[in-house]
Amino acid sequence: MGNEIGILEAPDTDVIDDDITEDMIADLFAPAETMSAATHDAATHDDDHGSDDFLITIDLNSATPAFEQIRSQLDGLIRVGLLEAGASMPPMRGLAKQFGVSLGTVQHAYEELESSGLIITSPGRPARVAEGKRLPCDVLAAIECLAVAAQQKNVDLGDTQNVLGAMWQMKR
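Read on for a plain summary of the structure.

Cut-offs and rules
- Residues numbered from 1 in each chain as written.
- Predicted model: local features only at pLDDT ≥ 70, side-chain atom pairs only at ≥ 80, totals over all residues.
- Heavy atoms only, no water.
- Axes fitted to C-alpha atoms, helices over the stretch in contact; angles between N-to-C directions.
- Helix = DSSP H or I, 4+ residues; strand = E, 2+ residues; numbered from the N terminus.
- Parallel < 35°, antiparallel > 145°, perpendicular 65-115°, else oblique.
- Left-handed = near helix turned anticlockwise from the far one by under 90°.
- Contact = heavy atoms within 4.5 Å.
- Nonpolar A, V, L, I, M, F, W, Y, C, P; charged D, E, K, R; others polar.
- Core = buried A, V, L, I, M, F, W, Y, C linked by side-chain atoms within 4.5 Å.
- Buried < 20%, exposed > 50% of the residue type's maximum accessible area, 1.4 Å probe, protein only.

## A closer look at the packing of helix α4 (residues 92-99) against helix α5 (residues 103-115)
Contact pair α4 / α5: the axes reach a minimum separation of 8 Å and the direction vectors enclose 125°. Looking at the two axes, α4 sits oblique to α5. Crossing geometry of α4 relative to α5 is assigned as right-handed. Here α4 contributes Met92, Arg93, Leu95 and Ala96 to the contact with α5, which in turn contributes Leu103, Val106, Gln107 and Tyr110. Considered class by class, the residues forming the contact of α4 with α5 number six nonpolar, one polar and one charged.

Written out as structure tokens, the structure reads:
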């Protein structure tokens, strides 16, 4: 059986590499054209480089509301550690301008992130990433294995999420 992971078996933690790089994680969240440049600086506003580009994209034609697309991608960047604990969040006005959405849309996303405990906001100060929200390396590695295997087998993302949710419930 080698290094194969059976259904409903936990992965062998000796097989999982704890040294997941930011580039590997960013590749999971970046569109294909930005994968080669996926770095921490590209994930956040970087004044040194004068860039207002972020490693998130939104599709204004999607059935998923723009605020939810922004919220879910920032959530992912926080949980994989590309937006590190204590780091300033991308400026709301900059995101609104970049994506051609209203400031209220981005504010809604930030309110959702704050209510889930991922960011901390205070009046007159930039929003900051909350402490302790990055997932453990072994969990990130297992998720990466799942994502790669599902993509290689052309399994739909929605189907993968549904199966993962069902397995989660079975293990409770």
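## Regarding the nonpolar core
In this structure, Ile70, Leu74, Met89, Val101 and Tyr110 are the most contacted members of the largest nonpolar core, which totals 26 residues. Of all the secondary-structure elements, those providing two or more residues to this core are α3 (66-79), α4 and α5. At six residues, the largest contribution of residues to this core is made by α3.

## Focus on the side chain of Thr160
Structurally, Thr160 can be placed in helix α7 (residues 157-170). Relative accessible area serves as the criterion here: at 14%, Thr160 is assigned to the buried category. Look past the residues within four positions of Thr160 in its chain and what remains in contact with it is Leu146, Ala150 and Val155.

Note that every value here comes from positions in space, so none of it alone points to a role or purpose.
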